[in-house]
Each structure stands twice: as structure tokens, then as C-alpha cells.
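Letter by letter, the chains look like this.
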Amino acid sequence: PAAFIGGFIFLVGANSPHRLRQLSAPIVLADDVDSIYTDVGKSGMKEGDPVKRVQKRSQTFRGKRKFGNFSTPTIKGESWIEASYNLSNMQKFWVPCLHCGHYQILHFENLKWDKEKDLFGKTLKHKPNTVCYECEKCKQHLIEKHKYEMVQKGEWKAEHPEIIKHQGFWTNELISLF
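Reading the values: rules and limits
Residues numbered from 1 in each chain as written. Predicted model: local features only at pLDDT ≥ 70, side-chain atom pairs only at ≥ 80, totals over all residues. Heavy atoms only, no water. Core = buried A, V, L, I, M, F, W, Y, C linked by side-chain atoms within 4.5 Å. Buried < 20%, exposed > 50% of the residue type's maximum accessible area, 1.4 Å probe, protein only. Helix = DSSP H or I, 4+ residues; strand = E, 2+ residues; numbered from the N terminus. Contact = heavy atoms within 4.5 Å. Polar contact = N/O pair within 3.5 Å; in protein donor to acceptor, adjacent residues only side chain to side chain.

Another aspect to go through is the nonpolar core. Counting 11 residues, the largest nonpolar core consists of Phe93, Val95, Cys97, Leu106, Tyr133, Cys135, Leu142, Met150, Val151, Leu174 and Ile175. Put simply, the parts of the chain that give this core at least two residues each are strand 5 (91-96) and helix 4 (144-152). Aside from chain neighbours lying at most four places away, what touches Leu174 is Leu106, His107, Phe108, Leu111 and Lys147.

Attention shifts here to the side chain of Ser79. In this structure, Ser79 sits in the loop between strand 4 (66-70) and helix 3 (80-86). Exposure remark for Ser79: the relative accessible area of 3% places this residue in the buried category. Side chain to side chain, Ser79 and Asp34 meet in a polar contact 2.4 Å long. Discounting chain neighbours no more than four positions away, the residues touching Ser79 are Asp34, Pro73 and Thr74.

Glycine aside, negative phi is the norm for most residues, and most peptide bonds take the trans geometry. In the Ramachandran plot, Asp32 falls in the positive-phi region, its phi being about 50° despite a non-glycine side chain. Among the secondary structure elements, Asp32 is positioned in the loop between strand 3 (27-31) and helix 2 (50-56). A relative accessible area of 37% means that Asp32 is categorised as partly exposed. Residues other than glycine seldom take positive phi values, yet Lys139 does so here, at roughly 65°. As for its position among the elements, Lys139 is in the loop between strand 8 (123-134) and strand 9 (141-142). You can call Lys139 partly exposed: its relative accessible area is 46%.

Functional significance is not addressed by these values, which are geometric in nature.
So this is what it looks like as C-alpha cells:
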């Protein structure tokens, strides 16, 4: 454990079942949950889903406990994080077009770039230095330098705002500023 003013942090790997039962915590954060094996333990010692087990460690903090589960989804229909997201208020990050103001979710299909083609239309060469994002409404092109302002003006919108206690967030790397 590492102590700091106002608390401490305890990190443990899901592949270490004995450490998952060592202490209780009001805030539980689990990263890459879709890559965690659900039966952790030595041969013959099935201990169950580590995410559920570590969440159970927060039972003594009823009314104050919080969970954060993070992951890239893996297999559709079998993904733990997908199933959890589908039970949530399903928020997605919307950004405005700096030309027309239309809010949209960034999709890979709207990335456009120049290509060098032969006489038959076959692509010979991609020109990555020409990549831009095409607004789904006005079709104007947005370039990398626009992204910071778009993300700053962006907002999370819930598909099911009536669900209050289970917040779920979906995004892709197109909004990353790195």
C-alpha cells in the first residue's frame, strides 16, 4: 500500500487471489476487466470472478462505496464490460463541428484522406498527411489542430438518462489528445 494525505492506495493483480481478500475499500477500480480470467487460482482452487470478489470487499462501506470498471471490449456478446455498459445509462462523448456546430460522435468511417490510384481505381498509395475528419452534417473537413477545441467543447450525453446509479461511458481513440 502507498499512503498519501487523505488516504492510501492498494494495488493488486487479479491473478493474486489471496491478495484480493486482504482488505476492504470504499472505492474499487478495476482496469482491463475483459482480459481478467474469471476463475483465478492454483489448479483445483477456483475462486471466481475477481471483479465481483473485489467489489464484495467494499460491502462494509454501504452508501459510500463506488466502483469503476474499465476495459476495451473483447468478444461481442461475451464481453464483461459490454454487458455492464448495456445495463448503464450508456453515455457517449459528442463533439461539435467547428464549421456548423453540429454535435456528433466521432466515427472512423468519417476519416478521409487522399489516395493515389491507378487507371482502374485500385489504390496504389495512401497519403496519411492528408487525413481529415468529415462532418457528418455539413461535410466540411476538420483537421488535427481542430481536435483540441472540439474535445474541449464536447459533452457526455446519456442514451438512458433515467438510469442514475449505473453510469457507463463509451468512447474511442478518436477523441484522444495524445
